[in-house]
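Read off the chains here:
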Amino acid sequence: MTREGARKRRTPSLSRLATRAGAGRAPGTVVASPDASQSTIRIIRYDAERFEEIQIERLDDKALERHPGQVLWVDMTGLGDIDGIEMLGRAFGLHRLALEDVVNVHQRPKTEDFGDYLFIVARMLLRDRHDSEQLALFLGDGFLLTFQQRHGDCFEPVRERLRHNKGRIRAAGADYLAYTLIDKLIDEYYPLLEGYGERLEALEDELIERPHGRQVDMLHAMKRELMGIRRVIWPMREMVNSLVRDESALVGAPARLYLRDCYDHTIQLMDIVETYRETASSLLDVYLSSMSTRMNEIMKVLTIISTIFIPLSFITGLYGMNFDRQASPWNMPELGWVFGYPMALTLMVVLGASLLFWFRHRGWIGRRDR
């Protein structure tokens, strides 16, 4: 891909942004994106003793029944079913502005308090780890609604813990479930950044041993990708911090304590991203230094060759002058000598070898700085 093509791919057009944001529409208009996938709904109810899990294509009132003492988790994957989204909004009293943010998937990670529920937006890595998708959560008293853009997520270990009653998740409330999901999607960034660290180490070795122009393009691409990750993690840190800091009755003290651990993880991720960005910048300096050193070595070799051939050229030029030997006995007397030609060759060889010996004695060639 050319640089111009990469620039066009990275920079969305104004028309695309206007389409995604729904420019010109009334606030609270819930319209599915043209590329939204078909919706599937997974409903999980549980408490310390009971567990129920069903997967349906269409919502109905029976599926959304809430039982005292139980946590209801409604997980909608794919945002193509606007009727289902609006039905959830009516059933749980969700504000239409929040529902609009659910289907407009370019939202920045954030937390909004609507009184009876919290609206949380986060970014979740896709399976190939090359992009992220929006995850919207509605946390209320005894329920959690999650909306995912695409099928396939990282929450299967959480569902397994619910199915087999592992840990304290079944004994806790919906706030602890929300913490578990947020913690899981934050932990997914660690393997991604570990991969960047390994790539940077490999690039560092290549830059020192075999510097090449393509490595500069790779470093610039990595810096852009790390900047994109930073733009995701930074607001996620603020989102988790608001859940910890704000005194909401929907987030209990135990869950808030665990969320503090999530906040520490986001700070660690930010530190790692900043470290890798600085490393990528320093590797660019290493590349420029390596290329400068390599150029200096080439110039040194060429200078030494030129220095050796300067006196040799003088000798050949001297004996190449067309003086008439018969006009004067001082005009090139060596040309009449039987050993004149071997003497000139011997003189050039001795002079070149002497220069090479002197260059080596001075440390200009044949030695490496320790």
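Residues numbered from 1 in each chain as written. Predicted model: local features only at pLDDT ≥ 70, side-chain atom pairs only at ≥ 80, totals over all residues. Heavy atoms only, no water.

**Comments concerning the overall build of the protein chain**
Where we set the bar: Strands here are runs of E lasting at least two residues and helices are runs of H or I lasting at least four, both read from the DSSP assignment and numbered beginning at the N terminus. Computation of the radius of gyration draws on C-alpha atoms alone. For the globule rule, the value is 2.2 Å times the number of residues to the power 0.38. The cut-offs for exposure are 20% and 50% of the maximum accessible area for each residue type, with area from a 1.4 Å probe on protein chains only; residues under the lower value are buried, those over the upper are exposed, and the others partly exposed.
Within the protein chain one finds 10 helices and 7 strands. Whereas a compact globule of 370 residues would reach a radius of gyration of roughly 21 Å, the protein chain reaches 36 Å, over 25% beyond that. Viewed in the frame of its principal axes, the protein chain has a C-alpha envelope of about 125 × 45 × 35 Å. Across the 370 residues of the protein chain, 41% fall into the buried class.

**Some words on a negative patch on the surface**
Note the following rule: Residues enter patches when they are more than 30% accessible in relative terms and free of salt bridges; like-charged ones are connected within 9 Å and nonpolar ones (Val, Leu, Ile, Met, Phe, Trp, Tyr) within 5 Å. The Shrake-Rupley method, run with a 1.4 Å probe, gives the accessible areas here. Residue values count only the displayed protein chains as cover. Salt bridge, as used here: a side-chain nitrogen of Lys or Arg that lies within 4 Å of a carboxyl oxygen of Asp or Glu. We score Asp and Glu as negative and Lys and Arg as positive, and we do not count His or the chain ends. A charge is said to be at NZ when it belongs to Lys, at CZ for Arg, at CG for Asp and at CD for Glu.
Together, Glu 194, Glu 198, Glu 201, Glu 204 and Asp 205 make up a negatively charged patch on the protein surface. By the secondary structure assignment, Asp 205 is in helix H7 (residues 189–209). On the accessibility criterion, Asp 205 (46% relative accessible area) is partly exposed.

**Concerning the packing of aromatic side chains**
Here is the rule: Between the rings of Phe, Tyr and Trp (Trp by its six-membered ring), a pair exists once the centres lie within 6.5 Å; its type follows the angle of the planes, with under 30 degrees stacked, over 60 edge-to-face, and the other angles tilted.
A complete count under the given rule lists 10 aromatic pairs for this structure. Ring centres of Phe 138 and Phe 147 lie 5.8 Å apart, and the angle between their planes is 85°; this geometry places the pair in the edge-to-face category. The class for Phe 147 is buried, based on a relative accessible area of 1%. Through pairs of rings, three or more aromatic residues link up here, namely Phe 114, Tyr 117, Phe 119, Phe 138 and Phe 147.

**Quick look at helix H3 (residues 82–92)**
Using the following cut-off: When checking whether two residues touch, look at their non-hydrogen atoms; a contact exists if any pair is within 4.5 Å. Residues adjacent in sequence count toward polar contacts only when both atoms are side-chain atoms; beyond that, a polar contact is any pair of N or O atoms within 3.5 Å, and within protein one must be able to donate a hydrogen and the other to accept it.
Buried residues of H3: Ile 82, Gly 84, Ile 85, Met 87, Leu 88, Gly 89 and Phe 92, and no others. Taken together, the buried residues of H3 touch strand E3 (71–77), helix H4 (96–103) and strand E7 (143–148). The backbone nitrogen of Asp 83 has a side-chain oxygen 3.4 Å away, supplied by the residue at the start of H3, namely Asp 81. Positive phi shows up at Gly 93, right after H3, with a value of about 65°.

**A closer look at the packing of helix H6 (residues 174–187) against helix H8 (residues 213–245)**
Cut-off, in case you're wondering: Every angle, taken between N-to-C directions, lies between 0 and 180 degrees, and every axis is a line fitted to C-alpha atoms, over only the stretch in contact when it is a helix. Just so you know how the angles are binned, under 35 degrees is roughly parallel, over 145 roughly antiparallel, 65 to 115 roughly perpendicular, and the rest oblique. Here is the rule for handedness: rotate from the far helix to the near one, and if that takes an anticlockwise turn smaller than a right angle the crossing is left-handed, while a clockwise turn gives right-handed. Polar here means any residue outside two lists: the nonpolar Ala, Val, Leu, Ile, Met, Phe, Trp, Tyr, Cys and Pro, and the charged Asp, Glu, Lys and Arg; Gly therefore counts as polar.
Following both chains from N to C, one finds H6 and H8 inclined at 155°, their axes separated by 13 Å at the closest point. With respect to each other, H6 and H8 are oriented roughly antiparallel. In this structure, the crossing between H6 and H8 has a hand that is left-handed. Between H6 and H8, the residues in contact are Ile 182, Leu 185 and Ile 186 and Met 236, Met 239, Val 240 and Leu 243, respectively. Among the residues forming the contact of H6 with H8, the class breakdown is 7 nonpolar, no polar and no charged.

**As for the confidence of the model for the protein chain**
For clarity, the threshold we go by: Confidence scores per residue from the predictor, reported as pLDDT, run from 0 to 100.
Averaged over all residues, the pLDDT of the protein chain is 84; the fraction at 70 or higher stands at 91%. Of the regions scoring below 50 in pLDDT, residues 1–19 engages in 7 contacts with residues more than four places distant in sequence or in other chains.

**Comments concerning the sheet that holds strand E1 (residues 40–46)**
The following threshold applies: In short, DSSP must find at least two bridges between two strands for them to pair.
The 7 strands are arranged E2-E1-E3-E7-E6-E5-E4 in an open sheet whose pairing can be described as mixed. Where the open sheet ends on each side, the last strands, each with one partner, are strand E2 (51–56) and strand E4 (110–113). Each neighbouring strand pair of the sheet contributes to a mean axis angle of 15°, computed without reference to strand direction. Direction of pairing for E1 relative to E2: antiparallel, over a ladder of 6 bridges. If you follow Ile 41 over to E2, its bridge partner there is Ile 56.

**So, the pairing of E3**
With 7 of its 7 residues buried, E3 lies for the most part within the structure. In E3, alternate side chains face the same way, and those of Val 71, Trp 73, Asp 75 and Thr 77 on one face and Leu 72, Val 74 and Met 76 on the other are all buried. With 7 bridges connecting them, E1 and E3 associate as antiparallel partners. Counted as the bridge partner of Ile 44 is Trp 73 from E3. As judged from the 6 bridges shared by E3 and E7, these two strands associate in the parallel manner. Across the sheet, the residue bridging to Asp 75 is Thr 146, located in E7.

**Describing helix H10 (residues 340–362)**
Put simply, the test is: Multiplying one less than the number of residues by 1.5 Å gives the expected span of a helix.
With 23 residues, H10 should cover 33 Å at 1.5 Å per step; its first-to-last C-alpha distance of 33 Å lies within 8% of that length. Within the sequence span of H10, burial applies to Gly 340, Ala 344, Met 348, Gly 352, Leu 355 and Phe 359. Close packing links the buried residues of H10 with helix H9 (253–318).

**Here we look at the side chain of Gln 215**
Summarising the element assignment, Gln 215 is placed in helix H8. Those residues in contact with Gln 215 that lie beyond four places of it in its chain are Leu 203, Glu 206, Leu 207, Arg 210 and Tyr 287.

**A look at the environment of Thr 146**
Within the secondary structure, Thr 146 sits in strand E7. The spacing of Thr 146 and Ala 136 is 10 residues in sequence and 5.6 Å in space, taken between C-alpha atoms. When residues no more than four places from it in sequence are discounted, the contact partners of Thr 146 are Trp 73, Val 74, Asp 75, Met 76, Leu 135, Ala 136, Leu 137 and Leu 181. A distance of 2.7 Å separates polar atoms of two side chains, one belonging to Thr 146 and the other to Asp 75.

**Here's the deal with the packing of H9 against H10**
Interaxial distance between H9 and H10 falls to 10 Å at its minimum, and their mutual angle equals 155°. Considering the angle they form, H9 stands roughly antiparallel to H10. Here the hand of the crossing between H9 and H10 comes out right-handed. Facing Ile 304, Thr 307, Ile 308, Pro 311, Leu 312, Ile 315 and Thr 316 of H9, the residues of H10 in contact are Leu 347, Met 348, Leu 351, Gly 352, Leu 355, Leu 356 and Phe 359. Each residue belonging to the contact of H9 with H10 can be placed in one class, and the counts come to 11 nonpolar, 3 polar and no charged.

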